[in-house]
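A structural walkthrough
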Protein chains: 2
Amino acid sequence: MRLTQSRISYAAPFPSRKNDGMTTFPDSHTDLLDAQVGSLTTIGGDGFPQATAIWFLYDEGKIKISLNTSRLKTKNLLKRPKVSLMILDPKNPYRYLEVRGTVTATPDPDYAFAKKVGAKYGGADLSEHDGPGDSRLEVVLEPTNVYAVAMG
Amino acid sequence: MRLTQSRISYAAPFPSRKNDGMTTFPDSHTDLLDAQVGSLTTIGGDGFPQATAIWFLYDEGKIKISLNTSRLKTKNLLKRPKVSLMILDPKNPYRYLEVRGTVTATPDPDYAFAKKVGAKYGGADLSEHDGPGDSRLEVVLEPTNVYAVAMG
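Below is a summary of the structure that appears in this document. Every value quoted in this text rests on a predicted model; they were computed, and no experiment measured them.

Another point: the overall build of chain A. Secondary structure summary: chain A contains two helices and eight strands in total. Helices (α) and strands (β) of chain A occur, in sequence order from the N terminus, as β-β-β-β-β-α-β-β-α-β. For chain A, buried positions account for 55% of its 152 residues. The contacts in chain A between residues at least 6 apart in sequence include a share of 71% that link residues at least 24 apart. Approximately 6,200 Å² of chain A is accessible, and the part contributed by carbon and sulfur atoms is 54%.

Below you can see the structure in the form of structure tokens.
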């Protein structure tokens, strides 16, 4: 995606953060709740933010994630439940949703929730790459701040 | 971008993190250093990660960012210089670079560095939306961990 001056006037960084302090998703950005990939940032034990691309499901008004308990991001968020999820518009990198919030995790022993997430992704089997002894959590993001950003 | 089962096998989250612990950018992902937008995560005073889309410049082997001193992200990183920058491939959300590192900031009083960044973006004038009394910093990211991720 090539930036042209006519399309965007630079506003360092990007000024039009709508709904600052809101905890709901504005109509202008609800399409992003159906996007394929989000960027989840947790905070590591070393104090560094750790960002990873994740699958997610928007379900019953909440953003939910299926996480394998053996992963570093999972360990991070169980210890430090303050996270940020950014969902970029794949067609326009100047349009995105950032959801900051706290997470609650509940066990998903029979993969019921993992299957629900898999259904969004063409029936993918999330257990396929889980190792022996791994288990899964259903992680629900409770927004404390929703930022809907759009430029140009 | 539609996910198809043939294109990707789910590996929760995404397993092929190359060069774990590396501090250089692998050849496989250097094209992303020329991408238009990155997602910079700082940590707020409230302990929440804060992610924003930013412009950046890959210059002399370093990722550099021009930041306005009045912005929250700038205040965050001056107090807590551990950050993460994620650069997603705009054509493939399953391919990205995550750079965790510390930042050093130096004043850019005459906007010399800001102009260098602007040149990447069609000659954009970064000062255009700076307020009176605002100033700019040249922020250099020193990687402590570079993760080059590719799926499918």
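Residues and elements named next belong to chain A. Among the residues making up helix H1 (residues 72-79), those that are buried are Lys-73, Thr-74, Asn-76 and Leu-77. On an axial view of H1, the arc spanned by its buried residues comes to 160°, and they lie on one face. Exposed side chains of H1 directed beyond 90 degrees from the buried face belong to Leu-78 and Lys-79. On its buried face, H1 is in contact with strand E2 (38-43), strand E3 (49-54), strand E5 (62-68), strand E6 (82-89), strand E7 (92-107) and strand E8 (136-150).

Let us look at the packing of aromatic side chains. Residue and element names in this part refer to chain A. Enumeration according to the criterion identifies four aromatic pairs over all chains in this entry. Where Trp-55 meets Tyr-121, the ring centres are 3.8 Å apart and the plane angle is 5°; that geometry is what we call stacked. With a gap of 66 residues between them, Trp-55 in the loop between E3 and strand E4 (57-59) and Tyr-121 in the loop between helix H2 (112-120) and E8 connect regions that are remote in the sequence. Above the ring of Phe-56, the side-chain terminus of Lys-120 is found at 4.0 Å from the ring centroid.

Residue and element names in this part refer to chain A. Tracing the sequence through the fold places Gly-61 in the loop between E4 and E5. Under the relative-accessibility criterion, Gly-61 is labelled partly exposed at 40%. Each C-alpha atom of the pair Gly-61 and Phe-25 lies 9.1 Å from the other, and the pair is 36 residues apart in sequence.

Moving on to the pairing of E8(A). Residue and element names in this part refer to chain A. A large share of E8 lies buried, amounting to 12 of its 15 residues. Sheet topology note: the E5/E8 ladder contains six bridges and is antiparallel. Pairing of Asn-68 across the sheet is with Arg-136, part of E8. Here 13 bridges tie E7 to E8, and the two strands are oriented antiparallel to one another.

In this section: the pairing of strand E7 (residues 92-107) of chain B. Each regular strand shows side chains that alternate between the opposite faces of the sheet. Across eight bridges, strand E6 (residues 82-89) of chain B lies against E7(B) in antiparallel orientation. In the strand pairing of E7(B), Ser84(B) is matched with Arg100(B).

Residues and elements named next belong to chain A. Turning to its location among the elements, Val-99 is positioned in strand E7. Judged by its relative accessible area of 0%, Val-99 falls in the buried class. For the pair Val-99 and Met-22, spaced 77 residues apart in sequence, the C-alpha to C-alpha distance is 9.7 Å. With residues near it in sequence (within four places) discarded, Val-99 still touches Phe-25, Ile-63, Val-83, Ser-84, Leu-85, Leu-141, Pro-143, Asn-145 and Val-146.

Rules of the game
Residues numbered from 1 in each chain as written. Chains lettered and ligands numbered in written order. Predicted model: local features only at pLDDT ≥ 70, side-chain atom pairs only at ≥ 80, totals over all residues. Heavy atoms only, no water. Helix = DSSP H or I, 4+ residues; strand = E, 2+ residues; numbered from the N terminus. Buried < 20%, exposed > 50% of the residue type's maximum accessible area, 1.4 Å probe, protein only. Contact = heavy atoms within 4.5 Å. Areas by Shrake-Rupley, 256 points an atom, 1.4 Å probe, with all protein chains shown as cover. Arc of directions from axis to C-beta. Phe/Tyr/Trp six-rings, centres within 6.5 Å; stacked < 30°, edge-to-face > 60°. Lys NZ or Arg CZ within 6 Å of the ring centre and 35° of its normal. Pairing = 2+ DSSP bridges.

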